[in-house]
Amino acid sequence: MYKHILLSLAMAFALVSCSSDKEDSTSEDEINSTAILGTWEATELIIDNETASDDVKFGKQILDFLSNKDCYIITLQFNEDLSATASNSANYVEVNATADGLDIPCPTETDTNESTYVFDGKTVTTIDENGEELVIGVTIEGNVMTVDAADLDIPNFSEDGQLIFVKR
């Protein structure tokens, strides 16, 4: 009789302690889908100096210089309503020669594109106002988002490499 009571208690504990993995994966999926929310600023371009073109190398130097001055020329905003805004000042960067070397002032003009997006935890798919779709591979770890630069359509930043964004 004692063995039957222990067996019954053990089975009861086993049934109570079992939970569905579905709930855990839903929570993880929800966390992954909301990780992209917020404003992201491009701070770095990681490239292979052996294979990158001179234009990409120069673009990297400009991005590094401006980021060090807290000037961000590429900003992405992802909202809860699945709308997104991309701001890009790359077309308005001016390089000035001075007696001390080159100076690059922070651009005051920017191009802005509005779109909708879907984020599945690994890719962002955007659809702009013209119905054009862009699929971008991303990795988010905390407040750092790494984007495959080849997926983007930004002059001097769209060759092989990774564009690093930091959440504001």
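Residues numbered from 1 in each chain as written. Predicted model: local features only at pLDDT ≥ 70, side-chain atom pairs only at ≥ 80, totals over all residues. Heavy atoms only, no water.

### Overview of the overall build of the chain
Secondary structure assignment for the chain yields three helices and 10 strands. The secondary structure elements of the chain, listed N-terminal to C-terminal, are α-α-β-α-β-β-β-β-β-β-β-β-β. Within the chain, buried positions represent 28% of all 168 residues. For the chain, the proportion of contacts with a sequence separation of at least 24, taken over those separated by at least 6, is 50%. Within the structure as shown, the chain displays about 11000 Å² of accessible surface, and the carbon and sulfur contribution to it stands at 51%. (Helix = DSSP H or I, 4+ residues; strand = E, 2+ residues; numbered from the N terminus. Buried < 20%, exposed > 50% of the residue type's maximum accessible area, 1.4 Å probe, protein only. Contact = heavy atoms within 4.5 Å. Areas by Shrake-Rupley, 256 points an atom, 1.4 Å probe, with all protein chains shown as cover.)

### Things to note about the pairing of strand 10 (residues 162–167)
Judged from the six bridges that link them, strand 1 (residues 38–46) and strand 10 form a sheet pairing that is antiparallel. When the bridges of strand 10 are listed, Glu44 appears paired with Ile164. The pairing of strand 9 (residues 144–148) with strand 10 spans five bridges and is classified as antiparallel. Its bridge partner being in strand 10, Val144 is matched across the sheet by Val166. (Pairing = 2+ DSSP bridges.)

### Quick look at the nonpolar core
Ile36, Phe78, Met145, Leu163 and Phe165 are the most contacted members of the largest nonpolar core, which totals 29 residues. Looking at this core, the elements with two or more residues in it are strand 1, helix 3 (54–68), strand 2 (74–78), strand 6 (111–119), strand 8 (133–141), strand 9 and strand 10. Take this core: its biggest share by element is four residues, from helix 3. The residues touching Ile36, leaving out its near neighbours within four places in the chain, are Phe78, Tyr117, Phe119, Val124, Ile140 and Met145. (Core = buried A, V, L, I, M, F, W, Y, C linked by side-chain atoms within 4.5 Å.)

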